[in-house]
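For reference, the chains in residue letters:
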Amino acid sequence: MNEDHFPALFAETYPLPADTRPMSRRRFLQAGLAVGGGLLLNVRLPIAAADAEESAGFAPDAYIRIAGNGEVMLTMPFVEMGQGTYTSIPMLIAEELEVDLDQVRLEHAPPNEKLYGNPLLAGVQATGGSTAIRASWRPLREAGAAARMMLIAAAAKRWNVDASSCRAEHGSVLHDAGGQSLKYGELAADAAHMAVPEKIALKTPAEFRLIGRSTKRLDTPAKVNGTAIFGIDVRPPGVKIAALAQSPVFGGRVKSLNEAAAKAVKGVRQVVRLEDAVAVIADHMGAAKKGMEALAVEWDEGSNAKLASADIAAALELAVQSPAPVAQNIGDADHALTSAATKIDAAYVMPFLAHATMEPMNCTAHVQADSCEVWVGTQVVARAQAAAAKVTGLPLGKVTVHNHLIGGGFGRRLEVDGVIRAVQVAQQVDGPVKVIWTREEDIQHDMYRPIWFDRLSAGLDAEGRPIAWNHRFAGSSVIARWLPQAYNNGLDPDTTEGAIDLLYDLPNFHVEYRRVEPQGVPTAFWRSVGPSHNVFVTESFIDELAAAAKQDPVAYRSALLEKAPRAKAVLQLAAEKAGWNAPLPEGVGRGVSLQSAFATYMALVAEVEVSKDGAVRVRRIVCALDCGTVVNPDTVEAQVQGAVIFGITAALYGEITIKDGRVEQANFDSYQMLRMNEAPEIEVHIVESTEPPGGMGEPGTSAIGPAVANAVFAATGKRIRKMPIAADALKQPA
Amino acid sequence: MAFNIKINGKTHDVDVDGDTALLWVLRDVLGMTGTKFGCGAGLCGACTVHVDGVATRACITTIDSIGAAAITTIEQIGATPSGASIQNAWLDREVVQCGYCQSGQIMSAAALIAGNPSPTDAQIDDAMSGNICRCGTYVRIRAAIKAAAQSLAKGD
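The model shown is predicted, which means the values in this text are computed figures rather than measured ones.

### What about the overall build of chain B?
The helix and strand inventory of chain B stands at 5 helices and 5 strands. Going residue by residue from the N terminus, the α and β elements of chain B occur as β-β-α-β-β-β-α-α-α-α. Its C-alpha radius of gyration of 15 Å places chain B within 12% of the 15 Å reference for a compact globule of 156 residues. Counting only C-alpha atoms and orienting by the principal axes, one finds that chain B spans roughly 45 × 30 × 25 Å. Across the 156 residues that make up chain B, the buried fraction comes to 62%. Put simply, of all contacts in chain B between residues at least 6 apart along the chain, 62% involve residues at least 24 apart.

### Looking at the overall build of chain A
Within chain A one finds 21 helices and 28 strands. By the compact-globule yardstick of 27 Å for 734 residues, chain A fits well, its C-alpha radius of gyration being 27 Å. For the C-alpha atoms alone, the extent of chain A along its principal axes is close to 80 × 75 × 45 Å. Taking the contacts inside chain A whose residues are at least 6 apart along the sequence as the reference set, 77% of them involve residues at least 24 apart.

### Digging into the interface of chain A and chain B
Taken residue by residue, the interface counts 53 residues in chain A and 48 residues in chain B. Where the side of chain A that touches chain B is concerned, the elements lending two or more residues are helix 7 (220-224), helix 9 (285-295) and helix 19 (633-653) of chain A. Here the side of chain A that touches chain B gets 7 residues from one element, more than from any other, and that element is helix 19 of chain A. When the residues that make up the side of chain A that touches chain B are grouped by side-chain class, the tally is 24 nonpolar, 17 polar and 12 charged.

### Details of the domain arrangement of chain A
All names here are of chain A. For chain A, the domain assignment lists domain 1 (3-224), domain 2 (231-302 + 361-436) and domain 3 (309-352 + 448-730). Centre-to-centre separation of domain 1 and domain 3, based on C-alpha positions: 39 Å. Domain 1 puts 20 residues into the contact, and the matching count from domain 3 is 23 residues. Mapped onto the side of domain 1 that touches domain 3, the elements with two or more residues apiece are helix 2 (85-97) and helix 4 (132-136). Of all the elements, helix 2 adds the most residues to the side of domain 1 that touches domain 3, at 4 residues. The residue makeup of the side of domain 1 that touches domain 3, split by class, is 8 nonpolar, 11 polar and 1 charged.

### Regarding the pairing of strand 12 (residues 277-282) of chain A
Residue and element names in this part refer to chain A. The buried count for strand 12 comes to 6 of 6 residues, which makes it a mostly enclosed element. Here strand 9 (residues 240-246) runs beside strand 12; their pairing, made up of 6 bridges, is antiparallel. The partner of I241 across the bridge, within strand 12, is A282. With 5 bridges connecting them, strand 11 (residues 268-273) and strand 12 associate as antiparallel partners. Across the sheet, the residue bridging to V271 is V280, located in strand 12.

### Considerations on the sheet that holds strand 2 (residues 10-15) of chain B
Residues and elements named next belong to chain B. If you trace the 5 strands from one edge of the open sheet to the other, you get 2-1-5-3-4, paired in mixed fashion. Every other strand in the sheet has two partners, leaving strand 2 and strand 4 (54-57) as the edge strands with one partner each. Adjacent strand axes in the sheet meet at a mean angle of 40°, parallel and antiparallel pairs treated alike. Bridge count between strand 1 (residues 2-7) and strand 2: 6 bridges; the pairing is antiparallel. When the sheet's bridge partners are listed, F3 is paired in strand 2 with V14. Running over the sheet, helix 3 (residues 102-115) touches strand 3 (48-51) and strand 4 and is turned about 35° from strand 3.

### Focus: the sheet that holds strand 3 (residues 64-66) of chain A
All names here are of chain A. Across the sheet, 3 strands lie side by side as 3-4-5; this open sheet has mixed pairing. The outermost strands of the open sheet, each flanked by one partner alone, are strand 3 and strand 5 (104-108). Strand-to-strand twist across the sheet, computed as the mean angle between neighbouring axes with direction ignored, equals 25°. Examined bridge by bridge, strand 3 and strand 4 (residues 72-76) share 3 bridges and lie antiparallel to one another. Considered in strand 4, the bridge of R65 is made with M73. Its contacts with the sheet place helix 2 against strand 3, strand 4 and strand 5, and it is angled at close to 130° to strand 4.

### Re the domain arrangement of chain B
All names here are of chain B. For chain B, the domain assignment lists domain 1 (2-72) and domain 2 (78-153). Of note, the centres of domain 1 and domain 2, computed from C-alpha atoms alone, are 21 Å apart. Listed as interface residues are 14 residues of domain 1 and, on the opposing side, 11 residues of domain 2. Considering every element that reaches the side of domain 1 that touches domain 2, the biggest residue donor is strand 3, with 3 residues. Tallied by class, residues from the side of domain 1 that touches domain 2 come to 6 nonpolar, 7 polar and 1 charged.

### Considering unusual backbone geometry
Residue and element names in this part refer to chain A. Following M723, the chain continues to P724 via a peptide bond in cis, the omega torsion being -5°. Note on placement: P724 falls in the loop between helix 20 (699-716) and helix 21 (727-730). Its identity is not glycine, yet K550 carries a phi of approximately 55°, on the positive side. With respect to the secondary-structure elements, K550 resides in the loop between helix 16 (529-548) and helix 17 (553-558).

### Remarks on the environment of F473 of chain A
Relative to the elements of secondary structure, F473 of chain A occurs in strand 21 (residues 466-475). Setting aside anything within four residues of it in sequence, one finds F473 of chain A in contact with V320, W452, F453, D454, A499 and Y513 of chain A.

### Examining the nonpolar core
Counting 297 residues, the largest nonpolar core has A242, V280, V374 and L604 of chain A as the members making the most contacts within it. When sequence neighbours within four positions are dropped, the list of residues in contact with V280 of chain A reads A242, A243, A262, V268, V271, A288, G291, M292 and L295 of chain A.

### Considerations on helix 3 of chain B
When the terminal C-alpha atoms of helix 3 of chain B are compared, their 20 Å separation across 14 residues agrees well with the 20 Å that a helix rising 1.5 Å per residue should span. The element helix 3 of chain B is extensively covered by neighbouring structure, given that 13 of its 14 residues are classed as buried.

### Focus on the pairing of strand 3 of chain B
Residues and elements named next belong to chain B. Strand direction decides the pairing type here: strand 3 and strand 4, joined by 4 bridges, are antiparallel. Its bridge partner lying in strand 4, V49 is registered against T56. The hairpin turn running from strand 3 into strand 4, its antiparallel successor, is 2 residues long, and D52 in that turn takes a positive phi close to 50°. Note that strand 3 and strand 5 (residues 70-72) share 2 bridges and pair antiparallel. Across the sheet, the residue bridging to H50 is T72, located in strand 5.

### What to know about the packing of helix 12 (residues 381-392) of chain A against helix 13 (residues 417-426) of chain A
Residue and element names in this part refer to chain A. Where helix 12 contacts helix 13, the two axes come as close as 9 Å, and the packing angle between them is 35°. The handedness of the crossing between helix 12 and helix 13 is right-handed. Residues A384, A387, A388, V391 and T392 of helix 12 lie in contact with helix 13, whose contacting residues are V419, I420, V423 and Q424. Classifying every residue of the contact of helix 12 with helix 13 gives 7 nonpolar, 2 polar and no charged.

Cut-offs applied
- Residues numbered from 1 in each chain as written.
- Chains lettered and ligands numbered in written order.
- Predicted model: local features only at pLDDT ≥ 70, side-chain atom pairs only at ≥ 80, totals over all residues.
- Helix = DSSP H or I, 4+ residues; strand = E, 2+ residues; numbered from the N terminus.
- Rg over C-alpha atoms; globule rule 2.2 N^0.38 Å.
- Buried ≥ 20, exposed ≤ 12 C-beta atoms within 10 Å, placed from the backbone.
- Contact = placed C-beta atoms within 7 Å.
- Nonpolar A, V, L, I, M, F, W, Y, C, P; charged D, E, K, R; others polar.
- Domains from an automatic or database assignment.
- Pairing = 2+ DSSP bridges.
- Axes fitted to C-alpha atoms, helices over the stretch in contact; angles between N-to-C directions.
- Core = buried A, V, L, I, M, F, W, Y, C linked by C-beta atoms within 7 Å.
- Expected span 1.5 Å × (residues − 1).
- Left-handed = near helix turned anticlockwise from the far one by under 90°.

In structure tokens:
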């Protein structure tokens, strides 16, 4: 398999031509995912409206197009950002369509929420929340099966035999009794006239030939030889490059600039001044950056000039002193506390985090009087289109968006602020312009994982078993802005995930959440979303309860899992594989975490070493997981490895702080990432299951933080209640 | 100012200020977008190329410092034995996730095994810790480097 799979995504080998891929006509298809997961397979492309190449084609739904020449083109409703969706989604379709993966080619879906809206994200055309396989598991296999049935029906009609006497494999229909076979391409035109089947029978797991087998990713070859085209790599003819500077203080305005000095730099063509940002347009980024320095922009800092993250944290701490909307209540926790033999109280604080995708934010736009064309790698292509339409005042139909491979999403590209900026700049530029954020711009103008403050109190009975659990926390609701219809009565399902749905048997359980938006600081989803905060807090606190009860952390959790057999199984498996009870040298400790999030059960055991100067080194990670049916086992393993590294970076280093209205971190020296020399061994053990699939892009990130923190406690006796883990606090006295 | 530079065996004339980073000449002037921009400060390794065989950060290498040196980029590293070996190992071990940093990872790894047929873990750490992977593919990168070095040494 090679880049031939991606004729439209990957340009041929260097020199790379401009990416000017035209939008296909096939966009009128009206099949799609119904909210709730059913497939609408109702209207096909009218032949008369199709162009010559497609006239002999068969396009039974929004995902599959079989051309007369036999080419099978699959349209990807979710965008590839490393999670392997451009392999696992084709596997689902190809499994039932009965084609081989080396017979398919892929293209990005265009903006169209009717066709490609994500049923698990309220119909928004979005890739996020570890939802792709969960949302597609049934409908995309049905899409493949329906197409196969129509191809078989077309062949049966041609041969004048009963369809039930025919079968499909490797992109052909066969009639064994008659010794006949026809390739899909030869049947495509006829299949387009067959009735859409009313009943679709899907394969049983025993019949799977692709699903469940480790499969080579289709996007890898182009990513090892430099031919893969990310958003930042597009080069429409005549494109200019723009460096961007937005007000360093949130909400500030441009006060003055030296346009002449910038224009004196060789290669600089133009300076674009917006109210709260400037762009220097040049032949190349080197000139644009140099021009930006010469521009010497001064800013009106505005009302946030004194903003500090310490003040924001203090406001959250204050907010949890008062009652808040009740997110969950079971039994009577307050009453149960009065009879507790032991009481435990704790407060937890978590910082703002930046996404720091390796591909810095960027977007290319070309605005003309009656059209706007946008090239970008986005997790929300329809929102990108809508944002460009709003800025330009053009109708949606006049805005074309080309989606691209994403060099790291992690939630950052669920936002369209970068698209808005690029279109604002492009409105003042003649011809296409690629707006590139420097790394400093990317980190200092991110939309951040929110800061959180949590208070918890629990009561244990004489045996140490928890009889009361009270949890109140405050912070931003990203959902309230991103999907307002899902924010009701002060609560939303994401912000509370991992706090209100604990696996443990807790008879008296009470959780409150207070929405407090940090003044001036934009917040957004970040890999593992709500659980990135809640699982750290709850899995750290349950560890505190085990310690207060003087019980082993694994045994303590396990005793509370009588009603959660899948969770109990992964916990036991992780403990066994990690050698939970094996002795460790001094300064080394093991910690465990257990979670159910994104419909996946996961237990992690972390082994960490804490040096005398307080430095934490994560040595080994053992993961056991049950994500139901596994589509591509190798990808599941890779996602755990990657998500764990992402979470260790946050646990050891992740913190965005604000002082004088400005983000204090700027590049990878001040906003550190875990590197090769710090990466632990990571073992992944997958429990076999035929349950529906769970999400795998994110669970490892939320689960690793508490496992590491609990391991630090095991190694040092010091409980981590504030992230990131501060070496200073772990330093041993000399 | 005009510069004459040798990239992947071909000479190119470019007319830019002498303090322009090689990265922008490659990506924006010559259209070779396989080499990536990550940090602009030599902190992440996404822009790694070879200058006379030495892994070098193109984002902090000015065009006037190159002279007659031969530059090799990701687009041509597969034509070298070590580069081809690394690329094959990357495919075999399914290293890549988002892929954005992988051009730089591959360039650093190819330089490592070109001069060292059996790198130790510590040598891999030394050679590769300047390359950040936000997707966290480090575990597989390490395994792939070892496999590639072995296969190169065997002359596969």
